[in-house]
Amino acid sequence: MFFVKRILFLVPLLLVISSLSFALLRLAPGGPFDHDRAPASPEVERLLRARYHLDEPVWQQYGRWLNDALHGDFGLSLKYRNHTVTDIIRQGLPVSLSLGLLAFGFAVGVGIPVGFFTAVRRGEWVDWGGSFLVLLSICVPGFVIGPLLAMIFALKLHWLPPALWGAPLQAVLPMVTLGLYFAGRVARLMREGMTQTLQSEFIRTARAKGLSEFAVLTRHAFRLAVMPVVSYSGPMLADLLTGSFVVESIFQIPGIGVFIVDSSRSRDYPLVIGLVLLYAVLLLVMNLVVDLAYGLLDPRVKYD
Amino acid sequence: MPVLLNALGKLPGAFSFLPLAAVLALAMLVAGCRPEPPADLTVINGPDPGSLDPLLVTGIEELRAVLPLFEGLTRPDPATGRALPGLAERWEISPDGRHYTFHLRTNAAWSTGGPITSADLVYSWRRILEPTNACQYVNLMYPLHGAEAYAAGQLKDFAQVGVRAPDAHTVEATLDNPCPWFLDLCAFQTLSVVPRAAIERDGDQWIMRHPPFSGAYELEYWRISDRVRLRRNERYWDAANTRSRIVDLLVMSSPATALNLYEDHQVDVILDKPLVPTELLPVLAKTPDYHTFPMLGSYFVRINVTRPPLNDPRVRRALALTVDKPRLTQRIAPTCEPADHIVPGATANYLRGEGQHRDPELARRLLAEAGFPGGKGFPKLSYLADSSGGGGGRMNERVAVELQDTWRRELGIEIEIRSLEKKVAIVAQRTLDYDLSRSSWIGDYNDPSTFLDLFTKANGNNRTGWSHPEYERLMRKAAGEADLGKRALMLRDAETLLVRDEAPIIPLWFESGFTLNSPTRVEGMFGNVLDVHPLNAIRRIPSPATK
């Protein structure tokens, strides 16, 4: 019942999001057809605007868009005038999804063990070293890491291709660049969770009952310690799956991340709205999935 | 390690989605990687083309991608950029320069088969002029008799427009005035021949539905923000001289990435200066791969003459006369040539007159005459510098800082820099909501009028509020003049009036063309003033090992 309500709640939320972004976009000066070079004549400009219904009042444009959208048509892109918004998303989303999933796997696969061990070996050199690296991965931004990795592994060592998308090897550098920051976040959450859990009563009880340290750590502590990571993984996954402007530009990856920035720069109204909605849906769905996972992991959480 | 493995093995249920996610990601990756044959030639072309339809393209990266796909009556010479026979194998021009008769090749064919006829050409030109198509480059067609009236919807009968097809292989064009660049114009991408049946069948998305092509290449696929892949059109009349079979035009947004790929030998050619890091230009200039050449482009400052005190020509001249253009160019655009004129020296049919010089003494005198001795009482002006992305944005701001410093030092006046996002800046410029504004212009064809027409009263790209009866008269007279010598004199006088006497603009430098390609790896690359590089002439030189 809880989840049905949540899903039903999506509908008004998406309506609000779409109408808000529609209005905000129109507030920005300049339109899709304002280039350095003026259209050949005012008449040409008028016809151009009329062709894409930009001459109508905003509420009417929104109504038209909404009606089309409900029929599954998100319109023609105003920058890529031979492509529909759906086409562009269909081309770019799988790429961003696979890169995002890879980066997610990397973030969790690296972050959880690092956080786990730095917590267990608290105060030892493993902890200091690990925490330092974690801090570094959070502080150094992708636009520094990416070119650095490309320089070392592509230009100097020639192990990996420097950019582009299509072969499995080409995915390695972007995956690491995109995932590193999140790996750091995950490691910190895991370390904090683990540290706190290890100090709690039930762990003392478990130890007192004579369970092996291994069993205490894995069977009892881990389950609870991983909760912050689980709740973080929802927004993280949504963030990763919708692509990253920085990583996609550095490695020239044909995902949708670049469009999120470029489409608003070029005032490509239909594409911006399409992407905003996509991001909103992904975020909401991911949060829903996290709530589901909570129910499974923590016996104290119950939904009616 | 065993601890870790065990721990992972005993992960709670919800985490079993992890391996699943990994498998899914790999599967998608593999599915996304259809094995493709490598290209015979890989070129970094720049930003994403918005379209590949000759009617819609306006950006340089779009025009470059369209050139190999569709051909017009003429096509550009790879070395000089001037018009060579294209779909027309020969032509006659009447003595008054107003009537052209083109004879189409009998072996001109679409990539899908079937002859290209004069009716295809008339359709293609009509499509540009059709008012509802709102072609942004329609003004290129205006030399054609009746074209402007038809495009504006005033003339309804297309038969009265100056293009006819008396038979399947002849096209007759009638112009209002002699037009020395008309043959070059026929090679321009907008005027190329497009397939009527496919366009009428597939509408907005025809280019993506495997239409017939009239050029040296056909479109294999176009993946947005990745690449445009071209395959040699075997039915092209000159296919024997198309030197590369598969060509990739890569989309690239980061200059550093472009250079990485080039250094890693994954691409053969980088076109365009914004595609290599500006800071590295001096280093690259020392390599044999670096090629630079004059082209038809100007970087200049627009002055809004509707705002006092800029409505006073003496004030505008004072601003212009103090700028040290050689120094500024050397510091910010070292490959370019400092400009005292708006028309680049390499332009055809061009005679150079007196331009703007540097004379700070005269500048101070003019400013004093205008009522601001030593800059006293001069209002604070703003300088609009758009951030047109990446290196370009920083360059615009660096120019602004240099000018700010010059004018403070030489004239005692203060300028405030106003940095705006590109689209916002364009609107500010169009609506004359600025004092001084960074500008540039790339010529559409090889003639001074592509620059000088900008500052006529009615031109939408004037954007200075400036107009002058003598300038209008000279430009009108030049347009009707058949004698190229006399015409050049009139245009010279017009330019002198514009830059020396009235100064609604301050030219700073002439743009230079740039390509990065190794002379030992690639052949068929040339520099020319139009900055066109027809792909059919270019090929990668096979390395001895793979020969």
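Residues numbered from 1 in each chain as written. Chains lettered and ligands numbered in written order. Predicted model: local features only at pLDDT ≥ 70, side-chain atom pairs only at ≥ 80, totals over all residues. Heavy atoms only, no water.

Trainee: Quick question: what am I supposed to make of the domain arrangement of chain A here?
Mentor: Accessible area lost upon the coming together of the parts is a frequently used measure of interface size. All names here are of chain A. According to the domain assignment, chain A consists of domain 1 (2–70) and domain 2 (88–297). Spacing between the C-alpha centres of domain 1 and domain 2 amounts to 34 Å. Counting from both sides, the interface comprises 19 residues of domain 1 and, opposite them, 14 residues of domain 2. Where domain 1 abuts domain 2, roughly 1,600 Å² becomes buried across the two surfaces, and 80% of that area is made up of carbon and sulfur atoms. Looking only at domain 1, the three residues that lose the most surface to domain 2 are Phe-3, Arg-6 and Leu-25, adding up to 32% of its buried area. Counting every contact that joins domain 1 to domain 2 gives 1 salt bridge. (Domains from an automatic or database assignment. Contact = heavy atoms within 4.5 Å. Buried area = accessible area lost by both parts, 1.4 Å probe. Salt bridge = Lys/Arg side-chain N within 4 Å of Asp/Glu carboxyl O.)

Trainee: Before we go on, may I ask you to explain the interface of chain B and chain A in this structure?
Mentor: Between chain B and chain A, the contact holds 69 residues from the first and 71 residues from the second. Where chain B abuts chain A, roughly 6,100 Å² becomes buried across the two surfaces, and 62% of that area is made up of carbon and sulfur atoms. Linking chain B to chain A there are 6 salt bridges. With a closest N to O distance of 2.9 Å, Arg-37 of chain A and Asp-444 of chain B form a salt bridge. For the side of chain B that touches chain A, the secondary-structure elements that each account for two or more residues are helix H1 (2–9), helix H2 (17–32), strand E8 (217–223), strand E10 (246–251), helix H8 (255–263), helix H14 (422–430) and strand E16 (436–442) of chain B. At 7 residues, H2 of chain B tops the list of elements feeding residues into the side of chain B that touches chain A. The class makeup of the residues in the side of chain B that touches chain A is 38 nonpolar, 16 polar and 15 charged. (Helix = DSSP H or I, 4+ residues; strand = E, 2+ residues; numbered from the N terminus. Nonpolar A, V, L, I, M, F, W, Y, C, P; charged D, E, K, R; others polar.)

Trainee: When you look at a nonpolar patch on the surface in this model, what are you seeing that I'm missing?
Mentor: Residues and elements named next belong to chain A. Nonpolar side chains collect at one region of the surface, where Leu-148, Met-151, Ile-152, Leu-157 and Trp-159 lie side by side and expose about 480 Å² of accessible area between them. Position of Met-151 among the secondary structure elements: in helix H6 (residues 142–156). Exposure remark for Met-151: the relative accessible area of 38% places this residue in the partly exposed category. (Patch = residues over 30% accessible without salt bridge, like charges linked within 9 Å, V, L, I, M, F, W, Y side chains within 5 Å. Areas by Shrake-Rupley, 256 points an atom, 1.4 Å probe, with all protein chains shown as cover. Buried < 20%, exposed > 50% of the residue type's maximum accessible area, 1.4 Å probe, protein only.)

Trainee: Would you take a moment to explain the layout of surface pockets for this structure?
Mentor: The method is simple in principle: a probe with the dimensions of a water molecule rolls over the atoms, and the space it marks as empty is what remains. Approximately 1,400 Å³ is the volume attributed to the second largest pocket. Along its surface, the second largest pocket is lined by 48 residues, and Asn-139, Tyr-142, Glu-148, Asp-453 and Asn-459 of chain B are the ones closest to its centre. The set of elements that each furnish at least two residues to the lining of the second largest pocket consists of helix H2 (42–51) of chain A together with helix H5 (147–151), helix H15 (449–452), helix H16 (469–479) and helix H17 (484–502) of chain B. Per-element tally for the lining of the second largest pocket: the top contributor is H16 of chain B, with 5 residues. A class-by-class count of the residues in the lining of the second largest pocket yields 24 nonpolar, 12 polar and 12 charged. (1 Å grid on protein atoms, 1.4 Å probe; cavity = no way out; pocket = protein on both sides within 12 Å on 5 of 7 lines; lining within 4 Å. Points joined across faces, edges and corners; volume = space filled by probe spheres on them.)

Trainee: Please explain the packing of aromatic side chains as it appears in this structure.
Mentor: For any pair of aromatic rings, geometry is given as the distance between the ring centres together with the angle between the planes. One pass over the full model with this rule turns up 25 aromatic pairs over all chains. An angle of 70° between the planes, with centres 5.3 Å apart, marks the rings of Phe-22 of chain A and Tyr-62 of chain A as edge-to-face. One end of the pair, Phe-22 of chain A, is in helix H1 (residues 2–27); the other, Tyr-62 of chain A, is in helix H3 (residues 58–70), with 40 residues separating them in the sequence. Under the relative-accessibility criterion, Phe-22 of chain A is labelled buried at 5%. With centroids separated by 5.2 Å and ring planes inclined at 75°, the aromatic side chains of Tyr-150 of chain B and Phe-158 of chain B adopt a geometry described as edge-to-face. Take Phe-158 of chain B: its relative accessible area is 8%, and that puts it in the buried class. An aromatic cluster is defined as three or more aromatic residues linked by ring pairs; in this entry it consists of Trp-91, Tyr-100, Phe-102, Trp-125 and Phe-182 of chain B. Over the ring of Tyr-269 of chain A we find Arg-26 of chain A, and its NZ or CZ is 3.9 Å from the ring centre. (Phe/Tyr/Trp six-rings, centres within 6.5 Å; stacked < 30°, edge-to-face > 60°. Lys NZ or Arg CZ within 6 Å of the ring centre and 35° of its normal.)

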